[in-house]
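Geometric and topological summary
Residues per chain, in single letters:
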Amino acid sequence: MFARSAVRALTSQSRLFSTTVARQTKVAVLGAGGGIGQPLSLLLKSDPLVTSLSLYDIRGAPGVAADVSHVDSASEVTGYAADKLDEALEGVQVVVIPAGVPRKTGMTRDDLFNTNASIVRDLASAIGRVSPTAHILVISNPVNSTVPIVASTLAKAGVYNPSRVFGVTTLDVVRAARFTAGIAGVHPNEASITVVGGHSGATIVPLLSQSKYGQSIKGEVYDKLVHRIQFGGDEVVKAKDGAGSATLSMAYAGAKFTHALLRGLNGEKGVITPTFVQSPLYKAQGIDFFSSNVELGVDGVEKIYPLGPLSVEEEKLMEACLPELKKNIEKGRAFVESS
Ligand code: NAI
């Protein structure tokens, strides 16, 4: 019984983390004591491409670090208390940010703006000062606004490099594959779906027509699937009944994206995944940040792929996505300008 579950655990770990030759990579988690931060730190401790893990939170990070550090992988783990942010950021190449408040029942991601905007701005400002060349992976919501906040804060400090700032939209991609696979009756690995746009409700646009299994889903089943991918987070918020939003699946998604970036930084070619970055795709419409397939390389963003052919339904989804996304981005920018 034990042996079988151990084998299953190893198999799923090898699916999450491929093993390539590692270089020295120090990764920091800001918000490591939280619902996402704790399991994310554990998963990053198991990632063979992470050689050093720096865990920071205003509450509880040294405890999480002591706990996680006993896991028998090679990386070193250090925890930093509230007044040790600068030390936590020293020498890091990758910073993952799940710091901030999560949604409760009835809240949208935009409702989190007032609290999370200043948390993310202050963390970005510290990164710009201490580790200005680090790659920054933003999990804190609303991602459509927090990524522009990070970009504008770094730009104000004169250290913004658009190839190194990412909004983590991987949970939308993970959900799309899982839900589509459930309908098609196949393994989720076979039902990978490109999800573009942003990371909230109508700004999440799954390109089901580009997937072998997604393209045969039509009518009411299609409408329900799109809605579930866009609003899957609400299922978790409701089921947790006031205790927060997705943490475990988000930690999985965050670790998956971090691993993809580390593979790219290590020189592996062809690492392509959707992520929310500064993008030329809809710049003409005044939208500077957009999620689409991005090739990750030694300097972060290597190539931003266009969307490819869209179905009539996807064109409509894009029409709903773009104005909302534009508003969210402008709100983030305006916040930094007025700070
Ligand atoms: P949580 O409340 O369990 O944890 C947040 C942690 O951030 C806490 O430990 C808190 O002490 C810490 N924190 C607060 N201010 C901080 C600061 N200035 N510096 C460092 N740490 C600080 O929340 P949870 O569930 O972990 O969610 C975190 C964020 O992730 C939320 O904004 C949530 O909306 C977002 N999220 C994003 C998803 C995505 O797909 N990108 C999916 C799910 C959640």
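All figures in this text were calculated on a predicted structure; none of them were measured in a lab. (Residues numbered from 1 in each chain as written. Predicted model: local features only at pLDDT ≥ 70, side-chain atom pairs only at ≥ 80, totals over all residues.)

1. Quick notes on the nonpolar core
Defined as follows: To define a nonpolar core, we join buried Ala, Val, Leu, Ile, Met, Phe, Trp, Tyr and Cys residues through C-beta atoms within 7 Å and take the resulting set. Exposure classes come from backbone-placed C-beta atoms, where a residue is buried if 20 or more other C-beta atoms lie within 10 Å of its own, exposed if 12 or fewer do, and partly exposed in between. Here a strand is any run of E in DSSP of at least two residues, a helix any run of H or I of at least four, and the numbering for each starts at the N terminus. Segmentation of the chain into domains, including their bounds, is taken from an automatic or database domain assignment. The contact criterion used here is simple: two residues whose C-beta atoms, placed from the backbone, lie within 7 Å are in contact.
One finds Val95, Ile97, Leu137 and Val138 to be the most contacted residues of the largest nonpolar core, which totals 94 residues. Considering every element that reaches this core, the biggest residue donor is helix α9 (residues 248–265), with nine residues. A domain-level breakdown of this core finds at least three residues from each of domain 1 (26–167) and domain 2 (169–338). Those residues within four positions of valine 138 in sequence are excluded, and the remaining contacts are Ile97, Val120, Val143, Thr146, Val147, Val150, Phe166, Gly167 and Val168.

2. Here's the deal with the UniProt feature "binding site: substrate" (unreviewed entry) in the chain
Note the following rule: UniProt positions are given in the numbering used here, feature names are shortened, and annotations may be inferred rather than shown by experiment.
The sites that carry the UniProt feature "binding site: substrate" (unreviewed entry) are, in the present numbering, Arg103, Arg109, Asn141 and Arg175. Mapping arginine 109 onto the fold places it in the loop between β4 (94–97) and α5 (113–130). Excluding residues within four positions of it along the chain, arginine 109 makes contact with Arg103, Asn141, Pro142 and Ser200. For asparagine 141, the position within the fold is in the loop between β5 (135–138) and α6 (143–156). In contact with asparagine 141, not counting residues within four places along its chain, are Arg109, Leu112, Asn116 and Thr146.

3. Details of the UniProt feature "domain: Lactate/malate dehydrogenase C-terminal" (unreviewed entry) in the chain
Look at the UniProt record and you will see "domain: Lactate/malate dehydrogenase C-terminal" (unreviewed entry) annotated at residues 169–336. Structurally, residues 169–336 is divided into 48% helix and 17% strand, and its ends, taken at the C-alpha atoms, are 22 Å apart.

4. Here's the deal with α6
Stated precisely, the cut-off is as follows: Here a helix's expected span is defined as the number of its residues, less one, multiplied by 1.5 Å.
With 14 residues, α6 should reach 20 Å at 1.5 Å per residue; the first-to-last C-alpha distance of 20 Å fits that figure. Extensive coverage of α6 is indicated by the burial of 12 of its 14 residues. Residues of α6 that are buried include every one of Val143, Asn144, Ser145, Thr146, Val147, Pro148, Ile149, Val150, Ala151, Ser152, Thr153 and Leu154, and no others. Buried residues along α6 sit in contact with α5, β5, β6 (165–167), β9 (271–278), β10 (289–297) and α10 (312–338). Once α6 finishes, glycine 158 follows within two positions and takes phi at roughly 75°, a positive value.

5. Re the packing of helix α7 (residues 170–184) against helix α8 (residues 219–240)
Quick reminder of the rule: Throughout, an axis means a line fitted to C-alpha atoms (over the contacting stretch in the case of helices), and angles, computed between N-to-C directions, take values from 0 to 180 degrees. Angle categories are assigned with fixed cut-offs, so that under 35 degrees is roughly parallel, over 145 is roughly antiparallel, 65 to 115 is roughly perpendicular, and the rest are oblique. A clockwise turn of the near helix away from the far one marks a right-handed crossing, whereas an anticlockwise turn of less than a right angle marks a left-handed crossing.
Interaxial distance between α7 and α8 falls to 9 Å at its minimum, and their mutual angle equals 150°. Comparing the axis directions of α7 and α8 gives the class roughly antiparallel. Here α7 runs over α8; the crossing is right-handed. Residue-level inspection shows Asp172, Arg175, Ala176, Phe179, Thr180 and Ile183 of α7 in contact with α8, the latter providing Val221, Leu225, Arg228, Ile229 and Gly232.

6. What to know about the site of the ligand
Selection criterion: Put plainly, near means the residue's C-beta atom, positioned from the backbone, lies within 6 Å of the molecule or strand in question. Each residue is assigned to one of three groups, with Ala, Val, Leu, Ile, Met, Phe, Trp, Tyr, Cys and Pro labelled nonpolar, Asp, Glu, Lys and Arg labelled charged, and all others, Gly among them, labelled polar.
Of all residues adjacent to the ligand, which total 32 residues, the nearest are Gly34, Gly35, Ile36, Ala99 and Asn141. A per-class count over the shell around the ligand returns 16 nonpolar, 13 polar and three charged. Two domains each put at least three residues into the shell around the ligand: domain 1 (26–167) and domain 2 (169–338).

7. Details of the domain arrangement of the chain
Domains assigned within the chain are domain 1 (26–167) and domain 2 (169–338). Taking the mean C-alpha position of each, domain 1 and domain 2 sit 21 Å from one another. Residue-level contacts link 41 residues of domain 1 with 42 residues of domain 2. Going through the elements one at a time, α2 (37–45), β4, α5, β5, α6 and β6 are the ones with two or more residues in the side of domain 1 that touches domain 2. Residues of the side of domain 1 that touches domain 2, tallied by class, amount to 24 nonpolar, 10 polar and seven charged.

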